[in-house]
Amino acid sequence: MEQLIAEVEAYAARQDVTPQKVLRDAIGSNWRQWELWKSGKSSPTMRVADRLRDFMGSGEDSPQEKGAA
């Protein structure tokens, strides 16, 4: 879980957004989900983690980034 959190934080920093926004955009989570993951009170399923990683892997081609350029 620590690795996934680190990946999300690094991606969010590169995109200049919050980790909560990454989760919201990638998997449609509520704003509180990130804090639950960080505190260990909740964790994603493998399917959710895979969707999140897929989203972050394709982030270089995201429409938000193209519009910001």
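A brief look at the structure comes next.

1. A few points about the overall build of the chain
The helix and strand tally for the chain stands at five helices and zero strands. By residue count, 32% of the 69 residues in the chain fall in the buried class. Pairs at least 24 apart in sequence give 55% of the contacts found in the chain among residues at least 6 apart. Here the chain displays about 4600 Å² of accessible surface, and carbon together with sulfur accounts for 50% of that area.

2. So, the packing of helix H1 (residues 2-15) against helix H4 (residues 46-57)
Axis separation between H1 and H4 bottoms out at 11 Å; the angle between their running directions is 30°. Between H1 and H4, the angle is such that the two are roughly parallel. Once H1 is placed against H4, the crossing between them reads as left-handed. Only Ala49, Leu52, Arg53, Phe55 and Met56 of H4 make contact with H1, whose side of the interface consists of Gln3, Leu4, Glu7, Val8 and Tyr11. Broken down by class, the residue content of the contact of H1 with H4 amounts to seven nonpolar, one polar and two charged.

Reading guide: rules and limits
- Residues numbered from 1 in each chain as written.
- Predicted model: local features only at pLDDT ≥ 70, side-chain atom pairs only at ≥ 80, totals over all residues.
- Heavy atoms only, no water.
- Helix = DSSP H or I, 4+ residues; strand = E, 2+ residues; numbered from the N terminus.
- Buried < 20%, exposed > 50% of the residue type's maximum accessible area, 1.4 Å probe, protein only.
- Contact = heavy atoms within 4.5 Å.
- Areas by Shrake-Rupley, 256 points an atom, 1.4 Å probe, with all protein chains shown as cover.
- Axes fitted to C-alpha atoms, helices over the stretch in contact; angles between N-to-C directions.
- Parallel < 35°, antiparallel > 145°, perpendicular 65-115°, else oblique.
- Left-handed = near helix turned anticlockwise from the far one by under 90°.
- Nonpolar A, V, L, I, M, F, W, Y, C, P; charged D, E, K, R; others polar.

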